[in-house]
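Listed here are the chains, written in short residue letters.
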Amino acid sequence: MKAIFYIMLLFHVWNGQLLASTTDNPAEFGALLKEYSEMAKKVLKRKMNPNEESELVKNANSIVELLKKKYFDEIQQPTDLVFKYLDGSDFPDLNKHIDNDETDSRVVKFTMAYYVIYKYLKDDVVAKIVKKSPLEMVPVLRELDVFLQFISANPVNFGHGVFSTKNDGILTVYATNEAILRMMKPLVYKNLNIGGKVFKLSRLASIFFVKDTEEMRMAGNDNEILEKTIDAMKRNTADDSRVAIYIPGTKK
């Protein structure tokens with residue numbers, strides 16, 4: 001029955017019924033991301049000149065802003081985002097996400113990662129990423145798109161109950177294990193399963209999957225960890241540090 005439930009959810013996602021987009025052109029993001037990716041590939045094996053770097057930074061930040069406007073109009077745009085559990089306790093708490101299988105655990109950790117990255121991804125940070133590794137912004141933007149779909153979603157469309165409240169511009173999302181698996185999981189399945197292959201997360205998201213190691217605890221708080229991750233980036237985006245989102249029935 002559980003498998004049938006997810007198949008039905010995926011069917012609705014593929015038909016566009018679960019997206020909370022307010023844009024009239026949902027293909028715009030894909031087209032702009034492709035354009036950015038092609039620009040980034042041209043400078044992958046050589047030093048960028050100032051004009052190229054400036055253009056890539058401008059385009060990357062424009063896509064970030066487009067995504068925010070896509071899922072929140074100007075009136076509804078939250079001034080801050082807070083994740084909580086229904087009992088009012090702070091997110092994340094791994095003790096509230098027990099008994100998940102490997103894939104579900106990775107979806108939960110992805111959600112935890114982007115809760116931090118969303119707040120951290122300001123214009124100056126995007127510029128640092130582009131300067132260090134222009135192509136790195138491609139998975140970051142794909143992941144941001146999924147995260148924004150999640151926090152702006154109508155829970156009714158997912159068969160879910162209370163999900164979020166907004167007071168004085170602050171959006172509070174109740175990121176329970178049930179909400180993540182009912183809502184984020186099918187969005188991950190649709191958007192981070194490209195060409196039948198398991199999506200490898202960005203370096204920024206991947207670092208949170210090893211954040212609890214002793215080495216990472218010594219690295220500092222979340223922002224310091226992200227700063228050090230960016231500083232260590234290389235131009236080539238292919239490396240073994242990327243974590244895969246395991247999706248049953250796809251090639252690893």
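Before reading further, recall that the structure is shown in the block above.
In what follows, the accompanying structure is described. Remember, predicted model here, so these are calculated numbers, not experimental data.

Quick look at the packing of helix H2 (residues 28-42) against helix H6 (residues 137-152)
Where H2 contacts H6, the axes come no closer than 10 Å and their chain directions differ by 165 degrees. The orientation of H2 relative to H6 falls into the category roughly antiparallel. Here H2 and H6 pass one another in a crossing that is right-handed. On H6, the residues that touch Phe29, Leu33, Tyr36 and Ser37 of H2 are Met137, Val138, Leu141, Arg142 and Asp145. Here the contact of H2 with H6 is composed, by residue class, of six nonpolar, one polar and two charged.

Some points on the packing of helix H4 (residues 102-120) against helix H7 (residues 177-191)
H7 packs onto H4 with a crossing angle of 95 degrees between their chain directions and a minimal axis gap of 10 Å. When the interaxial angle is binned, H4 and H7 end up roughly perpendicular. Packed against H4, whose contacting residues are Thr103, Asp104, Val107, Val108, Phe110 and Thr111, the element H7 presents Asn177, Ile180, Leu181, Met184, Lys185, Val188 and Tyr189 at the interface. When the residues that make up the contact of H4 with H7 are grouped by side-chain class, the tally is eight nonpolar, three polar and two charged.

A word on unusual backbone geometry
Omega for the peptide link from Phe91 to Pro92 comes to 0 degrees, which places this bond in the cis form. The residue Pro92 is located in the loop between strand S1 (80-84) and H4 in this model. Positive phi is not limited to glycine here, since Asp99 has a value of about 65 degrees. Structurally, the position occupied by Asp99 is in the loop between S1 and H4. Asp99 gets classed as exposed once you look at its relative accessible area, which sits at 76%.

Definitions and limits used
Every residue gets a number counted from 1 within its own chain, in the order that chain's sequence is written. Selection of residues for local features in this predicted model requires a pLDDT of at least 70, selection of side-chain atom pairs for listing and counting requires 80 or more, and totals for whole chains, interfaces and linings are taken over all residues. Each side-chain value is derived from all of the structure's non-hydrogen atoms; neither hydrogens nor water enter the calculation. Structural elements are reduced to axes, namely lines fitted to C-alpha atoms, with helices fitted over the stretch in contact, and the angle between N-to-C directions of any two is expressed from 0 to 180 degrees. We count a stretch as a helix when DSSP gives it H or I for four or more residues in a row; a strand needs E for two or more, and each element gets its number in order from the N terminus. Any angle from 65 to 115 degrees is called roughly perpendicular, while one under 35 is roughly parallel, one over 145 is roughly antiparallel, and all others are oblique. Handedness of a crossing is defined here by the sense of rotation of the near helix relative to the far one, left-handed for an anticlockwise turn of less than a right angle and right-handed for a clockwise turn. Contact between two residues is taken to exist if any of their heavy atoms lie within 4.5 Å; hydrogens are not considered. Note on residue classes: Ala, Val, Leu, Ile, Met, Phe, Trp, Tyr, Cys and Pro are nonpolar, Asp, Glu, Lys and Arg are charged, and everything else, Gly too, is polar. Residue exposure (1.4 Å probe, protein chains only): buried if accessible area is under 20% of the type maximum, exposed if over 50%, otherwise partly exposed.

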